[in-house]
Amino acid sequence: MFELHTLISAATKAAEEAPNPLIPNTTELIVGTIAFVLLFLVLRSKVVPMFEKAFTARTEAIQGGMEKAEQAQRDAELALHEYTAQLADARGEAQKIREDARVEGVAIIEDFRTKAQEEANRITVQAAASIEAERQQAIKALRTEVGALATELASKIVGEALDDQVRQSRIVDRFLDDLEKSN
Amino acid sequence: MRSFFIASSPGFVPPSTNDFNLPPSIGDSPYSTKPIFLVFLSVILISAFFIAASRKAAVVPGKLQFAGESVYVFVRKSIGEEIIGHEFMRFVPFLFTLFTFVITNNVFGIVPLLQFPAMSHVAFAYVLAIFSFIVFHAVGIKKQGLIKYLSGIAFMPGVPKFVYILLTPIEIATFFIVRPLTLSLRLFANMFAGHLLLLVFISGGHYMLTNDHLLLKILSPFSFAMGIGMSFFEFMVQCLQAYIITLLTALFIAGALADEH
């Protein structure tokens, strides 16, 4: 037990010599306060604002990027809607134009047909009238000429003078009627 | 075995509190002791490191900025935001200073050549506790008014009247004596004991190695190995104590900010 006793006595002796570790050293209190305040001021003014600035910038960069992407997507969707609408409009318009053209074509054809029909009718009527007139003229001419010829021929053949105008004409008419009937 | 101890024990002086009182290095000036140099060194190192790390404030951080930010974000988020809540930003500079100051000075205890934790001098721990004490009481008084704050401490609401006989002295003692005292003594005692522990193993190893007895010489590496092992353990304790004092300060602030005491 001797060694233990020696150790204890040595420790006690040391403890007696040493100051109480719980009693603060005044110099250290002052230095500690100054050091802490100094560090606080430096960190608060130089470091914390810079880190916060970096964080804000980072948040903004991320948010900004996301917002930009969202905006781009909205724009794209808007453009797509616009183009789709325009395409539909164009299709509708084309359809309308085709329809109009068809209707117009039909109308034009109908119009031309009517005009042609009219023209044809007119030409037909005109031709008929012209033919009729010529026929009448020919009949008249023939009648005169054939009458004269026939009379002359008959008088020559019969030797009978047909001077009497009335008789002559009666004979001619009868002759012609017979001729027409025989036809 | 017995003979070794008998022969050796008078020669071995166990480390004592005397080993914590290092003499001034420049004349008799009390401002030239090792702990005071270390404290100022820590202020310079912390300032230089974080100013360099935060100087660019880049959106995409470099290695240095990332390292600085990691420490800052740890205090800001894990201690500030999660404990104090939405008003935390006001206290981040204070908590950040507290954490970096304590952890740096603590870790100095195992940094080669420096090898002394300034917080093993109780004065520095007292200073920190006083700042913490001032801050959390000031916050409470500012938030709730002096009368309401003090009455909130002395008469905890929602407690039967007769319990106040017991509770009021306890609460007052807690807020004005126990909290600052435990805050400073916990830090001081951990650093003090840790340093003493390292002293025991290292100086013991040294004594054994320089002893005439062969067996002690042979066994001395075990003492040094323990010293190295305890250094790692100390590193953990040093970081943990820095975290604890910051966390508790944040908790006290959060408590003072809360409506009910």
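Computed from a predicted structure; not experimentally measured.

(A) Region of interest: a nonpolar patch on the surface. Residue and element names in this part refer to chain B. Taken together, I141, L146, I147, L150, I172, F176, I177, V178 and L181 make up a surface patch of nonpolar side chains, about 760 Å² in accessible area. Among the elements that take part in the nonpolar patch, helix α7 (residues 164–210) stands out by supplying five residues, more than any other. Relative to the assigned elements, I172 resides in helix α7.

(B) Main features of unusual backbone geometry. Residues and elements named next belong to chain B. Its identity is not glycine, yet A57 carries a phi of approximately 50°, on the positive side. With respect to the helices and strands, A57 occurs in the loop between α2 (34–54) and α3 (63–84). Here A57 falls in the buried class, since its relative accessible area comes to 10%. Even without being a glycine, L113 presents a positive backbone phi close to 75°. Along the chain, L113 falls in the loop between α4 (92–107) and α5 (122–144).

(C) Inspection of the interface of chain A and chain B at higher detail. Across the contact, 42 residues belong to chain A and 53 residues belong to chain B. Overall, the association of chain A and chain B removes approximately 4100 Å² of surface from exposure, summing both partners, and the carbon and sulfur fraction of that is 78%. Together, E28(A), F36(A) and F51(A) form the three largest contributors to the area buried by chain A at its contact with chain B, with a combined 18%. Run the count over chain A and chain B and you get two salt bridges. Residue E69(B) pairs with R58(A) through a salt bridge whose shortest N-O separation is 2.8 Å. Our count for the chain A to chain B interface comes out at seven residue pairs in polar contact (both at pLDDT 80 or more). Of all the elements, helix α2 (residues 26–158) of chain A adds the most residues to the side of chain A that touches chain B, at 28 residues. Taken together, the residues of the side of chain A that touches chain B break down into 29 nonpolar, five polar and eight charged.

(D) Main features of the confidence of the model for chain B. Residues and elements named next belong to chain B. With 95% of its residues at a pLDDT of 70 or more, chain B has an overall mean of 88. The spread of mean pLDDT over the elements of chain B runs between helix α1 (residues 2–8), the lowest at 44, and α4, the highest at 96. Within the model, the stretch residues 1–9 combines pLDDT values under 50 with 14 contacts to residues more than four positions away or in other chains. The complex model carries a pTM of 0.71, and its ipTM stands at 0.88.

(E) Molecular detail of α4(B). Taking 1.5 Å of rise per residue, the 16 residues of α4(B) would be expected to cover 22 Å, and the 22 Å separating its terminal C-alpha atoms lies within 8% of that figure. The buried fraction of α4(B) is high, at 15 of 16 residues.

Analysis parameters
What you see as residue numbers is a count from 1 along each chain, following the sequence as written. Labels are handed out in written order, letters beginning with A for the chains and numbers beginning with 1 for the ligands. Where local features are concerned, this predicted model is filtered to residues with pLDDT of at least 70; where side-chain atom pairs are given and counted, the filter is 80 or more; whole-chain, interface and lining totals use all residues. As a rule here, side-chain values cover all heavy atoms of the structure and leave hydrogens and water aside. Patches draw on residues past 30% relative accessible area with no salt bridge. Two like charges within 9 Å are joined, as are two nonpolar side chains (Val, Leu, Ile, Met, Phe, Trp, Tyr) within 5 Å. A 1.4 Å probe and the Shrake-Rupley method give the accessible areas. Residues count as covered only by the protein chains that appear here. One speaks of a salt bridge when a side-chain nitrogen belonging to Lys or Arg is within 4 Å of a carboxyl oxygen belonging to Asp or Glu. Helix and strand assignments follow DSSP, with helices taken as H or I runs no shorter than four residues and strands as E runs no shorter than two, numbered in order from the N terminus. Relative accessibility under 20% of the residue-type maximum defines a buried residue, over 50% an exposed one, and the middle range a partly exposed one, all with a 1.4 Å probe and only protein chains included. Working rule for contacts: check all heavy atoms of both residues, and any pair within 4.5 Å makes them a contact. Accessible area that two parts lose when put together, with a 1.4 Å probe and added across both, is what the buried area reports. Side-chain atoms alone can form a polar contact between residues adjacent in sequence; in general such a contact is a pair of N or O atoms within 3.5 Å, and within protein one must be able to donate a hydrogen while the other accepts it. Each residue receives one of three labels: charged for Asp, Glu, Lys and Arg, nonpolar for Ala, Val, Leu, Ile, Met, Phe, Trp, Tyr, Cys and Pro, and polar for the others, Gly being one of them. Scored between 0 and 100, pLDDT is the confidence that the predictor attaches to each residue. A helix's residues, less one, multiplied by 1.5 Å, set its expected span.

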